[in-house]
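# Report on the structure
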Amino acid sequence: QVQLVESGGGLVQAGGSLRLSCAASGRTLSDAIMGWFRQAPGKERDFVAGINWSSSTYYTNSVKGRFTISTDNAKNTVYLQMNSLKPEDTAVYYCAAGVPVRWDVARNYDYWGQGTQVTVSS
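One structure accompanies this document, and this report is about it. This one's a predicted model, so the numbers in the text were calculated from it and none came from an experiment.

### Structural notes on the side chain of Asp89
- Tracing the sequence through the fold places Asp89 in the loop between strand S8 (77-82) and strand S9 (91-98).
- Classification of Asp89 as buried rests on a relative accessible area of 1%.
- When sequence neighbours within four positions are dropped, the list of residues in contact with Asp89 reads Arg38, Arg66, Phe67, Ser84, Val118 and Val120.

### Observations regarding the sheet that holds strand S7 (residues 67-72)
- With respect to topology, 4 strands assemble into an open sheet ordered S1-S3-S8-S7, the strand pairing being antiparallel. Every other strand in the sheet has two partners, leaving strand S1 (2-7) and S7 as the edge strands with one partner each. Adjacent strand axes in the sheet meet at a mean angle of 15 degrees, parallel and antiparallel pairs treated alike.
- Taken together, the 6 bridges between S7 and S8 define a ladder with antiparallel strand orientation. Paired with Thr71 across the strands is Val78, a residue of S8.

Conventions we followed
Residues numbered from 1 in each chain as written. Predicted model: local features only at pLDDT ≥ 70, side-chain atom pairs only at ≥ 80, totals over all residues. Heavy atoms only, no water. Helix = DSSP H or I, 4+ residues; strand = E, 2+ residues; numbered from the N terminus. Buried < 20%, exposed > 50% of the residue type's maximum accessible area, 1.4 Å probe, protein only. Contact = heavy atoms within 4.5 Å. Pairing = 2+ DSSP bridges. Axes fitted to C-alpha atoms, helices over the stretch in contact; angles between N-to-C directions.

As structure tokens, this is what we get:
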């Protein structure tokens, strides 16, 4: 089993920044993809960003140039640095781990954190 715990969410004004963290523990997934997803009220859980074991990254178009995903392997932690935040970024953000065929499909991930709320005010 793999346990994922997110932190770093909060309330921020439009144009501001937040950094989310996801600490992983338990079984090591040496070939895992670590992903960030988000879910706004009444909407589906959408892909935000992903990173693999060789630090290749993939972003959804709406966050390119504003968000950066990274890892600290020594701390078993993945980060999501979010800059130039917009009200439409408001959602619960989830960390996920797995070996998905497609990075941007939520059901392909095996492990999920509990989520952290990000609210961007206008």
